[in-house]
Amino acid sequence: QVQLVESGGGLVQPGGSLRLSCATRGIIFSNNALGWYRAATGKQRELVAAVTSGGTRYYADSVKGRFTISRDNAKKTVALQMNSLQPEDTAVYFCAVGTTTRNLSSWGQGTQVTVSS
């Protein structure tokens, strides 16, 4: 059974930083693509960042230059470093896994990120 557990969310002020982490179980980690979605209140779910099994990274325009996704094949984790956070980044962030970055079919329960003064 695929299990993804996110951690690292919290409350930060505008301009602050957070690092999210996702622990995985039940997958052949090195063969899969990984990504981070976010779901903000009143907005459609958005794919924020993704990384292929080969290490190629993709970012949504809204976070490009501010967020960095990384994977650790030894620890079987994927992280999302979020810098220069703004109120519009407030959302529940979900870790996701799939065969490709365009086919992320499994996801975790999410971790709340709130950016507010």
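See the structure above.
Residues numbered from 1 in each chain as written. Predicted model: local features only at pLDDT ≥ 70, side-chain atom pairs only at ≥ 80, totals over all residues. Heavy atoms only, no water.

1. Let's talk about the pattern of salt bridges
And step 1. Inspection of the entire model under this criterion finds four salt bridges.
And step 2. For Glu46, the salt bridge is made with Arg38, and the minimal N-O distance between the two is 2.9 Å.
And step 3. By relative accessible area, Glu46 is classed as partly exposed at 26%.
And step 4. Note on Arg38: relative accessible area 7%, which makes it buried.
And step 5. Residue Asp61 is joined to Lys64 by a salt bridge in which the shortest nitrogen-to-oxygen separation is 3.4 Å.
And step 6. Judged by its relative accessible area of 67%, Asp61 falls in the exposed class.
And step 7. Several salt bridges converge on common partners, so that one network encompasses Arg38, Glu46, Arg66 and Asp89. (Salt bridge = Lys/Arg side-chain N within 4 Å of Asp/Glu carboxyl O. Buried < 20%, exposed > 50% of the residue type's maximum accessible area, 1.4 Å probe, protein only.)

2. Some words on the packing of aromatic side chains
And step 1. For the structure shown, the criterion picks out zero aromatic pairs.
And step 2. For the cation-ring pair, Arg45 lies above Tyr37, with the distance from its terminal atom to the ring centre recorded as 4.3 Å.
And step 3. For the cation-ring pair, Arg45 lies above Trp107, with the distance from its terminal atom to the ring centre recorded as 5.8 Å. (Phe/Tyr/Trp six-rings, centres within 6.5 Å; stacked < 30°, edge-to-face > 60°. Lys NZ or Arg CZ within 6 Å of the ring centre and 35° of its normal.)

3. What to know about the layout of surface pockets
And step 1. Computed from the structure, the largest pocket encloses a volume of approximately 160 Å³.
And step 2. Lining the largest pocket, in full, are Leu47, Val48, Ala49, Ala50, Tyr58, Tyr59, Ala60, Thr101 and Arg102.
And step 3. Those elements that place two or more of their residues in the lining of the largest pocket are strand E5 (46-51) and strand E6 (57-59).
And step 4. Per-element tally for the lining of the largest pocket: the top contributor is E5, with four residues.
And step 5. For the lining of the largest pocket, a count of residues per class yields seven nonpolar, one polar and one charged. (1 Å grid on protein atoms, 1.4 Å probe; cavity = no way out; pocket = protein on both sides within 12 Å on 5 of 7 lines; lining within 4 Å. Points joined across faces, edges and corners; volume = space filled by probe spheres on them. Helix = DSSP H or I, 4+ residues; strand = E, 2+ residues; numbered from the N terminus. Nonpolar A, V, L, I, M, F, W, Y, C, P; charged D, E, K, R; others polar.)

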